[in-house]
Amino acid sequence: MAKPAQGAKYRGSIHDFPGFDPNQDAEALYTAMKGFGSDKEAILDIITSRSNRQRQEICQSYKSLYGKDLMADLKSEISGDLARLILGLMMPPAHYDAKQLKKAMEGAGTDEKALIEILATRTNAEIRAINEAYKEDYHKSLEDALSSDTSGHFRRILISLATGNREEGGENLDQAREDAQVAAEILEIADTPSGDKKSLETRFMTILCTRSYPHLRRVFQEFIKMTNYDVEHTIKKEMSGDVRDAFVAIVQSVKNKPLFFADKLYKSMKGAGTDEKTLTRIMVSRSEIDLLNIRREFIEKYDKSLHQAIEGDTSGDFLKALLALCGGED
């Protein structure tokens, strides 16, 4: 599997708009929403071509020019998938992620896949910002929310990831060999000398949830040398349920984060019906981080571009907005 080179350049598809004038944009949005029916095209054009920072400035200008809340006005003009996408783009990233986590825990069932996707891929700085946003928006800590909504080993993995405490350093070869040994024992490839399964499981969790990305890449290489197996393949075979899904997501994210998201996007559009929630969540949250890398991984693996996949699977204004975020055909 192709790995991004150390310090690989991640690039988003959305950047600061040159010649940006927040008052002008606020006026154009106001005009687009005035009177009966709204000019959705104009709304889309502006919001999908400005960076998040610029969108926050437009909100401020809108409020000072009209004494109204832009988010509330947008909400009353657009609905459905399009609204979810546009309102998502208007939120600061940490607040958007906090809202997605909250939604994943709401109601009867828990959306474990969304919890894993977010918590397993965000950087320490992003996780810390999400914790602050969560507390500010929902008056409850993210940890408490996860605690009351999940259980067992899966809960411990999520809470560990939610601390945003992953090591930031490089690799340590001796430590990597030791970590690979723990992985081999827990995945039952090596003979377990005497280690009790529970404490090994905890050590394995600690390794995957707290070691740095460069270090984990080395651990995975040592694991192959030691066992002739790929760690991801082995986790899939030996583990089950949400714990397996969480560990697999961490491993995939460490190996190649843009590919992890490309796979998720592909699955959201595969077969009958579209998983609009996942599609929207990834397009919104990666648009300024690594969407160009995701596009490249997508076309390499699936022999069609992300642009083509979106075109074949969505329609109307939702399609237009997604393609604007996608930023072009490959």
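Look up a bit, the structure's there.
Per chain, residue numbering runs from 1 following the sequence as it is written. Note on the predicted model: pLDDT of at least 70 is required for a residue's local features to be given, and 80 or more for side-chain atom pairs to be given and counted; whole-chain, interface and lining totals, by contrast, use all residues. Water and hydrogen atoms play no part in the side-chain values, which are based on all heavy atoms of the structure.

## Re helix α13 (residues 213–227)
At 3.6 residues per turn, the α-helix brings residues three or four places apart onto the same side.
1) Next: Runs of H or I in DSSP of at least four residues are treated as helices and runs of E of at least two as strands, each being numbered from the N terminus. One fewer than the residue count of a helix, multiplied by 1.5 Å, yields its expected span. With 15 residues, α13 extends 21 Å from end C-alpha to end C-alpha; this agrees with the ideal 21 Å at 1.5 Å per step.
2) Next: Per-residue accessibility, obtained with a 1.4 Å probe over protein chains only, is compared with the maximum for each type, and a residue is labelled buried under 20%, exposed over 50%, and partly exposed between these values. Turning to α13, its buried residues are Tyr213, His215, Leu216, Arg217, Val219, Phe220, Glu222, Phe223 and Thr227.
3) Next: By the criterion applied in these results, polar contacts are pairs of N or O atoms within 3.5 Å in which, for protein atoms, one can donate a hydrogen and the other can accept it, and in which residues neighboring in sequence qualify only through two side-chain atoms. Capping the start of α13 is the job of one residue whose side-chain oxygen sits 3.2 Å from the backbone nitrogen of His215: Ser212.
4) Next: Directly after α13, the chain includes Asn228, whose backbone phi takes a positive value near 65°.

## With respect to helix α15 (residues 241–269)
1) Next: An ideal rise of 1.5 Å per residue puts 42 Å on 29 residues; α15 reaches only 23 Å between its terminal C-alpha atoms.
2) Next: For α15, the buried fraction is high: 22 of the 29 residues fall into the buried class.
3) Next: One or two positions beyond α15, positive phi appears at Gly271, with a value near 70°.

## With respect to the pattern of salt bridges
1) Next: Salt bridge, as applied in this entry: a Lys or Arg side-chain nitrogen positioned within 4 Å of an Asp or Glu carboxyl oxygen. Under the counting rule described, the total for this entry stands at 25 salt bridges.
2) Next: A salt bridge links Asp73 to Lys68, with the nearest nitrogen and oxygen atoms 3.3 Å apart.
3) Next: Given the relative accessible area of 13%, Asp73 is considered buried.
4) Next: In this structure, Asp245 engages Lys113 in a salt bridge whose closest nitrogen and oxygen atoms are separated by 3.9 Å.

## Some remarks on the packing of helix α10 (residues 152–161) against α15
1) Next: Viewed as axis vectors pointing N to C, α10 and α15 meet at an angle of 30°, and their least axial separation amounts to 8 Å. When the axes of α10 and α15 are compared, the pair comes out roughly parallel. Helix-helix and strand crossings are classified by hand; for α10 and α15 the assignment is left-handed. Residue-level contacts link His153, Phe154, Ile157 and Leu161 of α10 to Asp242, Val243, Ala246, Phe247 and Ile250 of α15.
2) Next: Throughout, the ten residues Ala, Val, Leu, Ile, Met, Phe, Trp, Tyr, Cys and Pro are labelled nonpolar, Asp, Glu, Lys and Arg are labelled charged, and all others, Gly among them, are labelled polar. Within the contact of α10 with α15, the residues separate by chemical class into seven nonpolar, one polar and one charged. Orientation is described by lines fitted to C-alpha atoms, with helices fitted over the stretch in contact, and by angles between N-to-C directions that extend from 0 to 180 degrees. Should an angle fall under 35 degrees it is taken as roughly parallel, and over 145 as roughly antiparallel, whereas 65 to 115 is taken as roughly perpendicular and any remaining angle as oblique. Handedness of a crossing follows from how the near helix is turned relative to the far one, being left-handed for an anticlockwise turn of less than a right angle and right-handed for a clockwise one. Contacts: residue pairs with any heavy atoms within 4.5 Å of one another.

## Overview of the nonpolar core
1) Next: We define the nonpolar core as a collection of buried residues of types Ala, Val, Leu, Ile, Met, Phe, Trp, Tyr and Cys that are connected through side-chain atoms lying within 4.5 Å of one another. Core analysis: the largest hydrophobic core is formed by 101 residues, its most contacted members being Phe247 and Met283.
2) Next: Take this core: its biggest share by element is 13 residues, from α15.

As far as function goes, none of this settles anything; it's purely spatial.
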